[in-house]
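# Residue-level structure breakdown
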Amino acid sequence: MTETAPTTLADLRSEIDRIDSTMHALLMERSSIIETLIAVKKTQVSGSAFRPGREADIMKRLALSHRGLLPLDTIESIWRTIIATFTYVQANYSVHADVSGGDAAMRDSARFHFGFTVPFVTHEDAQAVISAVAESAGDLGIFRMDLGASAGVWWRDLIGSDRPKIIARLPFIERRDHPAGTPVYCIAKPLADAAVREIVLYAARVERWSDALRAGLAQHLAEVSASAADGSHLSLLVAASGESDQAAIRAALAPAGLSDFAEIGSHAARFAFKPTR
Ligand SMILES: C=C(O[C@@H]1C=C(C(=O)O)C=C[C@H]1O)C(=O)O
């Protein structure tokens, strides 16, 4: 009979040391391709290294293959820090946030999604965030989506081809009890060919609201993501499937007295995660 040696604490710790050294070496190896990546992506020309569609795909793949004792929260926050920091070293950027609705949720969201190396800059209102992003080389701005009408009609400042646009909706992985689950829209200067268009966002202004409008929008896989009074009108932030025809969405809003309609960004589709046991 062969006897197996008892596993000692020292043995287990040396196994942990081996795994840590491997993980560290792999991260350093991951970072060693950054310079080539900058050249291949022509980051210096565009000034921005963000590829939100690719980031969403990475997060989805991780969530789908995750098993074992370690909470998905931990994996998600580690990879968000890796990805955000790898983007930062390609082209430095800051994350600007409107904290008029409270600092804590925005800071949690920014730190969870961008880590601590990327600077976090607070502002008193949404306009200041949009101006800071518009004036920067490649910064990001984040907006809380769950404040309702009290947040005002910040999205109208994104209208115009040279204005910042929504490029992502965070968190990428949605689930109950997400540790940084505050839904936020992320803006950047237009990403041109790097934008992902699974969901396309529009700013619309109507004279009145009715439940029939909601049904009309739903027929074209569109919904109102935010709304607020805008003088005597109502301003809407409409989120529609990238497959939907823009003209059909306009037509669905026409009975409400649509006075203007403009695309203000796009992002990856939501990925709802249901844990399997
Ligand atoms: C590395 C890239 O740049 C950024 C960083 C990523 C990463 O670290 O995996 C992914 C997407 C980009 O936002 C890339 O475009 O692949």
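Residues numbered from 1 in each chain as written. Predicted model: local features only at pLDDT ≥ 70, side-chain atom pairs only at ≥ 80, totals over all residues. Heavy atoms only, no water.

## Structural notes on the side chain of S235
- With respect to the element layout, S235 can be found in strand β9 (residues 233–241).
- The buried category is assigned to S235, whose relative accessible area is 0%.
- One polar contact links S235 to D230, side chain to side chain, over a distance of 2.6 Å.
- For S235, the contacting residues outside a window of four places in its chain are V153, W155, R156, A204, R205, A226, S227, A228 and D230. (Helix = DSSP H or I, 4+ residues; strand = E, 2+ residues; numbered from the N terminus. Buried < 20%, exposed > 50% of the residue type's maximum accessible area, 1.4 Å probe, protein only. Polar contact = N/O pair within 3.5 Å; in protein donor to acceptor, adjacent residues only side chain to side chain. Contact = heavy atoms within 4.5 Å.)

## Details of the environment of A252
- By the secondary structure assignment, A252 is in helix α9 (residues 246–253).
- Using a relative accessible area of 14% as the deciding quantity, one classes A252 as buried.
- Considered as a pair, A252 and L201 are 51 residues apart in the sequence and their alpha carbons are 15 Å apart.
- Every residue in contact with A252, bar those within four places of it in the chain, is listed here: L213, G216, L217 and H220.

## Let's talk about the pattern of salt bridges
- Overall, the coordinates contain 16 salt bridges when judged by the stated rule.
- The residue D73 makes a salt bridge to R175 at a minimum N-O spacing of 2.6 Å. Linking D73 in helix α5 (residues 72–90) with R175 in the loop between β5 (173–174) and β6 (184–188), this pair joins segments that are 102 residues apart in sequence.
- The exposure class assigned to D73 is partly exposed, which follows from its relative accessible area of 27%. (Salt bridge = Lys/Arg side-chain N within 4 Å of Asp/Glu carboxyl O.)

## A look at the domain arrangement of the chain
- Considered domain by domain, the chain is made up of domain 1 (15–46), domain 2 (47–195) and domain 3 (200–266).
- Here the C-alpha centre of domain 3 lies 24 Å away from the C-alpha centre of domain 2.
- Taken residue by residue, the interface counts 15 residues in domain 2 and 20 residues in domain 3.
- Across the domain 2 to domain 3 interface the summed buried area is about 1,200 Å²; carbon plus sulfur atoms make up 62%.
- The three residues of domain 2 that bury the most area against domain 3 are W155, R156 and I166, which together make up 48% of that side's buried surface.
- Scanning the region where domain 2 abuts domain 3 turns up two salt bridges.
- A salt bridge links D230 to R156, with the shortest nitrogen-to-oxygen separation between them at 3.7 Å.
- The interface formed by domain 2 and domain 3 contains five residue pairs in polar contact (both at pLDDT 80 or more).
- In terms of residue count, the dominant contributor to the side of domain 2 that touches domain 3 is strand β4 (residues 165–170) (four residues).
- Tallied by class, the residues present in the side of domain 2 that touches domain 3 amount to 12 nonpolar, one polar and two charged. (Domains from an automatic or database assignment. Buried area = accessible area lost by both parts, 1.4 Å probe. Nonpolar A, V, L, I, M, F, W, Y, C, P; charged D, E, K, R; others polar.)

## Details of the packing of helix α2 (residues 34–41) against α5
- Relative to each other, α2 and α5 sit at 70°, their axes nearing to 10 Å. Relative to α5, α2 is oriented roughly perpendicular. For α2 against α5, the interelement crossing comes out right-handed. Contacts from I34, L37, I38 and K41 in α2 reach F86, V89 and Q90 in α5.
- Broken down by class, the residue content of the contact of α2 with α5 amounts to five nonpolar, one polar and one charged. (Axes fitted to C-alpha atoms, helices over the stretch in contact; angles between N-to-C directions. Parallel < 35°, antiparallel > 145°, perpendicular 65-115°, else oblique. Left-handed = near helix turned anticlockwise from the far one by under 90°.)

## Some words on the site of the ligand
- Taken together, 13 residues lie around the ligand, and R30, K41, R51, E55 and Q90 are the ones closest in.
- Separating an oxygen atom of the ligand from a side-chain N or O atom of Q90 is a distance of 3.0 Å.
- Within the complex, 90% of the 360 Å² of free accessible area of the ligand lies under protein.
- Those elements that place two or more of their residues in the shell around the ligand are α2, α4 (52–65) and α5.
- Across the shell around the ligand, the residue classes tally to six nonpolar, two polar and five charged.
- Both domains that meet at the shell around the ligand, namely domain 1 (15–46) and domain 2 (47–195), each give it at least three residues. (Near = heavy atom within 4 Å. Areas by Shrake-Rupley, 256 points an atom, 1.4 Å probe, with all protein chains shown as cover.)

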